[in-house]
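# Chains, contacts and geometry: an overview
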Amino acid sequence: MPAYRSPSRRLRRSRGALLAGALASTAALILTGTGTAVAAPPAPDEPVRSGHAWMGAGTRIEQGPASTGGVTPMDTSGVQGIDVSHWQGAINWGSVKAAGIDFAYMKATEGTTYKDSRFSANYTGSYNAGLIRGAYHFARPDVSNGATQANYFASGGGGWSKDGKTLPGVLDIEHNPYGAMCYGLSTTQMRTWINDFYNTYKARTTRDAVIYTTAGWWNTCTGSWTGMAAKSPLWVAHWGTSSPNIPSGFPTWTIWQYSATGRVAGVSGDVDRNKFNGSFARLQALANNTA
């Protein structure tokens, strides 16, 4: 027969468990809020919650977590940049600049309803620290047409001004982290979606949207489309290699995301590392639309 436990004893134990859980939750919130400890993105075998994707969330599925190590030793030559979202928590942008980072992109929006919770802080903080900064939109071709999302992005942080510090906005279109690789669209439908986004974004901002993608996704989901090669600068994602594969039609890359597990002073934990294909003066020209 089980040992008898008095109601008062059980109550004391329940209160103790509740108090311990509350304290643990409070501590986690405090740590996350101050940026001293950051919640890592979901593990590769865990689902990504809608609205919480990041630049590379789909690339990780396509290229595999084993490829995230990037170039070893870290390639810090040339013009270096990072891309961030709320997953990096609070960032010390002064330290990032002092570490030799010249440019940064941060997630602004996703789909038609989600704005990254740290976008405003990152966008302002990077600017004030002297970095050339820009915003990106995580595409969701499964929830609306491209024009709707371009308008949402342009109104939600993806605008542009000729101030020497603002880069054109990025269409982050990659392997769907929520389901079917190509978001349920045919290659013809995907081409239309991308073109509608591009045209709407340019009408709103006067700038050509940069396209972030991988060779594998682009060639599969657009049917190796060459229609954007003369319009959009290419930001290619290819980790763990000394030279990236380029999607069909694009002559070369403008930005290369070469690691998803980089480290930079001022950022807690892993951060995507990127390289600009050119001099700092050329980066400034891209920002000023004089390239």
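## Observations regarding the pairing of strand β1 (residues 79–84)
With 6 of 6 residues buried, β1 lies mostly within the body of the structure. Of the two faces of β1, the one lined by V79, G81 and D83 and the one lined by Q80, I82 and V84 are each fully buried. Pairing of β1 with strand β9 (residues 271–276), which is carried by 5 bridges, proceeds in the antiparallel orientation. Paired with V79 across the strands is F276, a residue of β9. Direction of pairing for β1 relative to strand β2 (residues 103–110): parallel, over a ladder of 4 bridges. Residue pairing in the sheet places D83 in a bridge with Y105 of β2.

## Thoughts on empty space enclosed by the protein
Counted under the stated rule, the structure contains 1 cavity of 30 Å³ or more. Approximately 30 Å³ is the volume attributed to the largest cavity. Taken together, L171, I194, F197, Y198, A209, I211, M228 and S232 make up the full set of residues lining the largest cavity. Counting residues per element, the lining of the largest cavity draws most heavily on helix α6 (residues 187–205), which supplies 3 residues. Looking at the lining of the largest cavity residue by residue, the classes come out as 7 nonpolar, 1 polar and no charged.

## Details of the pattern of salt bridges
One pass over the structure, following the stated rule, counts 6 salt bridges. Two residues, E110 and R140, come together in a salt bridge whose shortest N-O distance is 3.5 Å. A residue pair is termed long-range when its members are at least 10 positions apart, and E110 in strand β2 and R140 in the loop between β4 (132–138) and α5 (146–155) qualify at 30 residues. Accessibility assignment for this pair places E110 and R140 in one class, buried. For the salt bridge of D270 with R263, the shortest nitrogen-to-oxygen distance reads 2.9 Å. The exposure class of D270 is partly exposed, given its relative accessible area of 35%.

## Some words on the confidence of the model for the protein
For the protein, per-residue confidence averages 87 on the pLDDT scale, and 82% of positions sit at 70 or higher. A low-confidence stretch, residues 1–37 (pLDDT under 50), is modelled with 8 contacts involving residues beyond four sequence positions or located in other chains.

## Details of helix α8 (residues 280–288)
Buried within α8 are the following residues: L283, A285, L286 and A287. Buried-residue contacts for α8 involve β1, β2, β4 and β9. Looking one or two residues past α8, N289 carries a phi angle of roughly 65°, positive in sign.

## Re the side chain of T166
Position of T166 relative to the elements: it lies in the loop between α5 and β5 (170–172). Within polar-contact distance, the side chain of T166 engages the side chain of R133 at 3.4 Å.

## What about the state of the cysteines?
With the rule as written, the count across this model stands at 1 disulfide. A sulfur-sulfur distance of 1.9 Å marks the disulfide that ties C182 to C221. On the sign convention where negative is left-handed, the bridge of C182 and C221, at about -75° about the S-S bond, is left-handed. With C182 in the loop between β5 and α6 and C221 in helix α7 (residues 215–221), the pair connects residues that are 39 residues apart, well separated along the chain. The burial state of C182 is the same as that of C221; both residues are buried.

## Description of the environment of P168
Looking at the element boundaries, P168 is found in the loop between α5 and β5. For P168, a relative accessible area of 0% gives the class buried. Through-space distance from the C-alpha of P168 to that of L286 is 7.8 Å; in sequence the pair is 118 residues apart. Apart from the residues within four sequence positions on either side, P168 is in contact with Y105, W160, Y201, R207, D208, V210 and L286.

## Details of the environment of W256
By the secondary structure assignment, W256 is in strand β8 (residues 255–262). C-alpha of W256 to C-alpha of Q80: the two residues are 176 residues apart in sequence and 9.8 Å apart in space. Residue contacts for W256: discarding those within four places in its chain leaves W235, V236, H238, T241, S242, S243, P244, R273, N274 and K275. For W256, the side chain forms a polar contact with the main-chain oxygen of H238, separated by 2.9 Å.

Rules used throughout
- Sequence order sets the numbering: in each chain, residues are counted from 1 along the sequence as written.
- At least 70 in pLDDT is required for a residue's local features to be given in this predicted model, at least 80 for side-chain atom pairs to be given and counted, and no such filter applies to totals for whole chains, interfaces and linings, which use all residues.
- The side-chain figures draw on all heavy atoms in the structure; neither hydrogens nor water molecules are used.
- Here the term buried applies to any residue with accessible area under 20% of the maximum for its type, exposed to any over 50%, and partly exposed to those in between, with areas from a 1.4 Å probe on protein chains only.
- Here a strand is any run of E in DSSP of at least two residues, a helix any run of H or I of at least four, and the numbering for each starts at the N terminus.
- Strand pairing requires that DSSP identify at least two bridges connecting the strands.
- For each structure, a 1 Å grid was placed over the protein atoms alone; sets of points admitting a 1.4 Å probe that cannot get out are labelled cavities, open sets with protein on both sides within 12 Å along at least five of seven lines are labelled pockets, and lining residues have an atom within 4 Å of a point.
- Grid points are joined across faces, edges and corners, and a volume is the space filled by probe spheres set on the points.
- Polar here means any residue other than Ala, Val, Leu, Ile, Met, Phe, Trp, Tyr, Cys and Pro, which are nonpolar, and Asp, Glu, Lys and Arg, which are charged; Gly is therefore polar.
- What counts as a salt bridge is simple: a side-chain nitrogen of Lys or Arg found within 4 Å of a carboxyl oxygen of Asp or Glu.
- Confidence of the prediction at every residue is given by pLDDT, a number between 0 and 100.
- Only heavy atoms matter for contacts: two residues are in contact if any of them lie within 4.5 Å across the pair.
- Within 3.5 Å is the distance limit for a polar contact, defined as a pair of N or O atoms, with the added protein rule that one can donate a hydrogen and the other accept it, and that residues adjacent in sequence qualify only through two side-chain atoms.
- The criterion for a disulfide is a pair of cysteine sulfur atoms lying within 2.5 Å.

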